[in-house]
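Now for the letters of each chain:
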Amino acid sequence: MRPAKRERGHRYVRYTDDPRIFCKSAKAAERVMQSITRFLTVKLKLKVNKDKSAVSRPWIGKFLGFTYFQMCGQSKIRIHAKSIKRFKDKIRELTCRKRGKSLWQVIQELNQYFRGWWNYFRLTEARHFLKGLKVWILRRLRSLVWKQWKNPKTRVRNLKKLGISHHDAMLCGNARKKYWHMSKIKWVAIAMPERYFIDKGLYLPGN
């Protein structure tokens, strides 16, 4: 940014060719938008992408996968909704029951993705989001395991090995509900809690 813009008290953030300029009012932002656009196109002979350039509230826009919000009078960063959607889409892909991958293989792929993703987003206020996310991920994994156990006899045997009583194991193991429904059933959740997958090497974001 030119010195004149800094002297006016504007906050400026830039990553490669993706800049953000923060002003105190919408009117000031419109004025700066026009000035910067003119400087880039006339002085620097650069083309401004009008589809990606706009004046908006900080908590509406997205910058490198992040967005902003106010908490107790302080500005903080969090993960943008579009970034969360991409994350969940990737998890659905990796935990798809039709891939024919073993639980161990799926966990290895998840760990690689989780570590890279969390190293990037770990500075955000994401505790509430991560709490719900872990519940959802565990359900995805239970659903995968339930399909891999295949037949009622195997399910009953494995549930009993994991501490479920014969009676409850028989009820769950012989149930005809779909995989996703069974992943939230009480006895299935007790048999395969978070610790079950962590002991198998799963790394969960935020842990």
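Being a predicted model, the structure only gives us computed values, none of them experimental.

Visitor: Honestly, the packing of helix α4 (residues 103-121) against helix α5 (residues 127-148) in this entry has me stumped. Any pointers?
Guide: A pair of packed helices can be characterised by two numbers: the angle between their axes and the separation between those axes. Close contact between α4 and α5 brings their axes to 11 Å; oriented N to C, the two are set at 165°. One finds that α4 runs roughly antiparallel with respect to α5. At the point where α4 passes α5, the crossing takes the right-handed sense. Within the contact between the two elements, α4 uses Leu103, Val106, Leu110, Phe114, Trp117 and Trp118 and α5 uses Phe129, Leu130, Ile137, Leu141, Leu144, Val145 and Gln148. Across the contact of α4 with α5, the residue classes tally to twelve nonpolar, one polar and no charged.

Visitor: Looking at this model, I keep getting lost on the pattern of salt bridges. Mind explaining?
Guide: Where charged atoms from two side chains of opposite charge approach closely, those side chains can pair. Counted under the stated rule, the structure contains six salt bridges. Two residues, Lys85 and Asp89, come together in a salt bridge whose shortest N-O distance is 3.0 Å. Taken together, the residues Lys85 and Asp89, both in helix α3 (residues 81-94) and four residues apart, mark about one turn of the helix. Residue classification places Lys85 among the exposed residues on the basis of a relative accessible area of 53%. When its relative accessible area of 34% is taken as the criterion, Asp89 is described as partly exposed.

Visitor: Can you walk me through the nonpolar core in this structure?
Guide: A general trend in soluble globular proteins is that nonpolar side chains are found buried together. If you look at the biggest cluster of nonpolar residues, it comprises 38 residues, and the most contacted ones within it are Leu110, Phe114, Ile137, Leu141, Leu159, Phe197 and Leu202. Of all elements in the fold, only α3, α4, α5, α6 (152-161), α7 (166-173), α9 (186-191) and α10 (194-198) reach the threshold of two or more residues within this core. Excluding anything up to four places from it in sequence, Leu159 contacts Trp146, Trp149, Ile164, Ala169, Cys172, Gly173, Trp187 and Ala191.

Visitor: Explain α7 to me, please; I cannot follow it from the model alone.
Guide: In an α-helix, one full turn covers 3.6 residues, which means residues spaced three or four apart are oriented alike. Among the residues of α7, those classed as buried are Asp168, Ala169, Cys172 and Gly173. Along the axis of α7, the buried positions cluster into a sector of 125°, meaning they face one direction only. Opposite the packed face of α7, turned more than 90 degrees from it, sit the exposed residues His167 and Leu171. Contacts made by the buried residues of α7 are with α5, α6, α8 (179-182) and α9.

Visitor: Could you clarify how one ought to interpret the environment of Asn119 in this entry?
Guide: Examined against the element boundaries, Asn119 turns out to sit in helix α4. Note: C-alpha distance between Asn119 and Pro205 (86 residues apart in sequence) is 9.0 Å. Of note is the side chain of Asn119, whose polar atom sits 3.2 Å from the side chain of Arg122.

Visitor: Before we go on, may I ask you to explain the packing of aromatic side chains in this structure?
Guide: The geometry of an aromatic ring pair is captured by two quantities: the separation of the ring centres and the angle between the planes. Applying the stated criterion across every chain, the model contains eight aromatic pairs. On the basis of an interplanar angle of 55° and a centroid distance of 5.8 Å, the ring pair of Trp146 and Trp149 is categorised as tilted. Members of the aromatic cluster, each reached through a chain of ring pairs, are Phe87, Tyr113, Phe114, Trp117, Trp118, Tyr120 and Phe121.

Here is what the cut-offs are and how they apply
Residues numbered from 1 in each chain as written. Predicted model: local features only at pLDDT ≥ 70, side-chain atom pairs only at ≥ 80, totals over all residues. Heavy atoms only, no water. Axes fitted to C-alpha atoms, helices over the stretch in contact; angles between N-to-C directions. Helix = DSSP H or I, 4+ residues; strand = E, 2+ residues; numbered from the N terminus. Parallel < 35°, antiparallel > 145°, perpendicular 65-115°, else oblique. Left-handed = near helix turned anticlockwise from the far one by under 90°. Contact = heavy atoms within 4.5 Å. Nonpolar A, V, L, I, M, F, W, Y, C, P; charged D, E, K, R; others polar. Salt bridge = Lys/Arg side-chain N within 4 Å of Asp/Glu carboxyl O. Buried < 20%, exposed > 50% of the residue type's maximum accessible area, 1.4 Å probe, protein only. Core = buried A, V, L, I, M, F, W, Y, C linked by side-chain atoms within 4.5 Å. Arc of directions from axis to C-beta. Polar contact = N/O pair within 3.5 Å; in protein donor to acceptor, adjacent residues only side chain to side chain. Phe/Tyr/Trp six-rings, centres within 6.5 Å; stacked < 30°, edge-to-face > 60°.

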